[in-house]
Amino acid sequence: MEIDGLPVAPLARALIDAARRMDELNSVRAMIHDAVHRGLCTPEELRDELAQASTIGSALPRIVVNALQDGVDSAVEQWLESVLERSGLPRPTRRAELRTSDGAVVGVADAWWSQVGVALQIHHDEVALEPDKSPTVPALVAPGLIVVQASPAQLRDEPLVVIQDLRAAHRRARQRPPPNIGSVPAAPAA
């Protein structure tokens, strides 16, 4: 491949080469997800490059590319998954549309613990490619509902703070009966 007469490597190869020299999973994850999210390369191209590359230093890029293959398609989702795994809390329902007993939609929780009435809501607008065009997500509000708000930056940089907030919300929630709120799977995020 050439650009202005200079030989260059395809982006997928450059990403895998760079990732093989990195030692932080979050950095590898952010770099690869940014390129895929922007449409600069595909997960298939990255998998092909990994298959051709040396296995030396390939552990971190393999984790990220395999996660792409498994359907975890954004860094924010992986940061959330890491927080949920480390929290020690029961497994929540992911992307749940919450509804009152009369069927009125409360909103969408990124994580929902129906047994105790605790929801986690992430403000995804801060990582949108075009923040001015990003729809604002209304806060979840319903009687008895306990909501923990988190930003992608908090999930990435302060996971222990988010975990502490979630655990505190669960302690508060267990001191009262759960609210009368149901849920259905939410439509995929646009």
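Cut-offs used in this document
Residues numbered from 1 in each chain as written. Predicted model: local features only at pLDDT ≥ 70, side-chain atom pairs only at ≥ 80, totals over all residues. Heavy atoms only, no water. Helix = DSSP H or I, 4+ residues; strand = E, 2+ residues; numbered from the N terminus. Patch = residues over 30% accessible without salt bridge, like charges linked within 9 Å, V, L, I, M, F, W, Y side chains within 5 Å. Areas by Shrake-Rupley, 256 points an atom, 1.4 Å probe, with all protein chains shown as cover. Salt bridge = Lys/Arg side-chain N within 4 Å of Asp/Glu carboxyl O. Buried < 20%, exposed > 50% of the residue type's maximum accessible area, 1.4 Å probe, protein only.

(A) Summary view of unusual backbone geometry. Phi is positive for Asp4, which is not a glycine, with a value near 50 degrees. Mapped onto the fold, Asp4 is located in the loop between β1 (2–3) and β2 (6–7). Backbone geometry at Arg95 places phi at a positive 45 degrees, although glycine is not the residue there. Of note, Arg95 is situated in strand β3 (residues 93–100).

(B) Fine view of a nonpolar patch on the surface. On the surface, Met1, Ile3, Leu6 and Val8 cluster together to form a nonpolar patch covering roughly 410 Å² of accessible area. Within the fold, Met1 resides in the segment before β1. When its relative accessible area of 65% is taken as the criterion, Met1 is described as exposed.

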